[in-house]
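# Examination of the molecular architecture
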Amino acid sequence: ELFAESSFGKSQSINISPYSARISADYIITDNHYIEAIIATEATPCDDEDLFLQSQYNNRIIDSPALRNTYNAEVRYSFQKQNIALNTTLFISSELNNTQVYHIYDDLSGEYADIVTNNINTLCYGLEFEGEYRFADHFRSTVAITVGRYKYVRNASVSIYTDTSNLLLADNIESHIKGLSLGNSPQIAVTAGLSYYNKGWWATINANYAGLRYIEPSSIMRTNRVLATAQSPEQHSALCKQERLRDAFTIDLSLSKSLYLS
């Protein structure tokens, strides 16, 4: 029954011009040593779900949709020999002007609300290493390590709309997420494995470690609108603090057989 006049048919058009550009260069030092450098940039719209206040039942587009800008650079060194393969990569990536829309029950207004977070700016940089060593005819060992820093580099802007009428409850209020870590991705990841293969049989054991994992920070929790409800400095600090997950360790075992059918 909501938005009966604006639920069907096409939404308004969004006039934007996405683009991408990429430059790469490589240099062969010797037959075994190789260097590659890549610089890339692109501008893309945000995800479809983030262009609408309620994509399932309302054609209302967010205010001032803009392109999301991404800049990437990496330098890779490779070493290849008969039984050894090594790759080391330095990388940096920045994403600017991203937008996210999500839906919550807003305790302060007593309304179901649509949250539009604009001006999300992130920076990721680090080092990757991967290696493979075939030390016998049917044995292979592998290792991969990633160490990086993934963080928000600016405070975001939050607008809050009622879900039932799109009434604006808060307009571009500041969210204090600068310096916090991106969630859902470990900033230290290590995997090491040993494989045996012979006559169509594969047996593998892998050990995996993931560290410096954080809960994705809530942009609305870190606005002054919410922080003002804190009744003590300790409670204010607790609202701003980002939860860190425990480090994770797993061991994977696999056994497989390939069969060739005529």
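Up top is the structure these notes are about.
### Quick word on the overall build of the protein chain
Across its full length, the protein chain carries two helices and 13 strands. By the compact-globule yardstick of 18 Å for 262 residues, the protein chain is too spread out, its C-alpha radius of gyration being 24 Å. Counting only C-alpha atoms, the protein chain reaches 70 × 45 × 45 Å along its principal axes. Evaluated residue by residue, the protein chain yields a buried proportion of 30% over its 262 residues. Pairs at least 24 residues apart make up 66% of the contacts formed inside the protein chain by residues separated by at least 6 positions. Side-chain charges of the protein chain comprise 20 positive and 29 negative groups, with the mean position of each set lying 10 Å from the other.

### Describing the packing of aromatic side chains
Applying the stated rule across the entire model yields six aromatic pairs. Ring geometry for Tyr133 against Phe135: centres 6.0 Å apart, planes inclined by 40 degrees, an arrangement best described as tilted. What makes Tyr133 partly exposed here is its relative accessible area of 41%. Relative to Trp202, the ring of Tyr197 lies with its centre 4.9 Å away and its plane at 25 degrees, an arrangement referred to as stacked. Judged by its relative accessible area of 33%, Trp202 falls in the partly exposed class. Put simply, the rings of Tyr133, Phe135, Phe139 and Tyr196 touch in pairs and so form one group of aromatic residues.

### Side note on the environment of Pro18
Along the chain, Pro18 falls in the segment before strand S1 (19-28). For Pro18, a relative accessible area of 49% gives the class partly exposed. When sequence neighbours within four positions are dropped, the list of residues in contact with Pro18 reads Ala43, Thr44, Pro45 and Leu67.

### What to know about a nonpolar patch on the surface
Side chains of Tyr133, Phe135, Phe139, Leu194, Tyr196, Ile205, Phe249, Ile251 and Leu253 sit close together on the surface and give an oily, nonpolar patch of about 880 Å² of accessible area. Mapped onto the nonpolar patch, the elements with two or more residues apiece are strand S5 (111-136), strand S9 (188-198) and strand S13 (248-257). No other element matches the three residues that S13 contributes to the nonpolar patch. Tracing the chain through its elements places Leu253 in strand S13.

Scoring rules and cut-offs
- Residues numbered from 1 in each chain as written.
- Predicted model: local features only at pLDDT ≥ 70, side-chain atom pairs only at ≥ 80, totals over all residues.
- Heavy atoms only, no water.
- Helix = DSSP H or I, 4+ residues; strand = E, 2+ residues; numbered from the N terminus.
- Rg over C-alpha atoms; globule rule 2.2 N^0.38 Å.
- Buried < 20%, exposed > 50% of the residue type's maximum accessible area, 1.4 Å probe, protein only.
- Contact = heavy atoms within 4.5 Å.
- Lys, Arg positive; Asp, Glu negative; His and termini not counted.
- Charge placed at Lys NZ, Arg CZ, Asp CG, Glu CD.
- Phe/Tyr/Trp six-rings, centres within 6.5 Å; stacked < 30°, edge-to-face > 60°.
- Patch = residues over 30% accessible without salt bridge, like charges linked within 9 Å, V, L, I, M, F, W, Y side chains within 5 Å.
- Areas by Shrake-Rupley, 256 points an atom, 1.4 Å probe, with all protein chains shown as cover.
- Salt bridge = Lys/Arg side-chain N within 4 Å of Asp/Glu carboxyl O.

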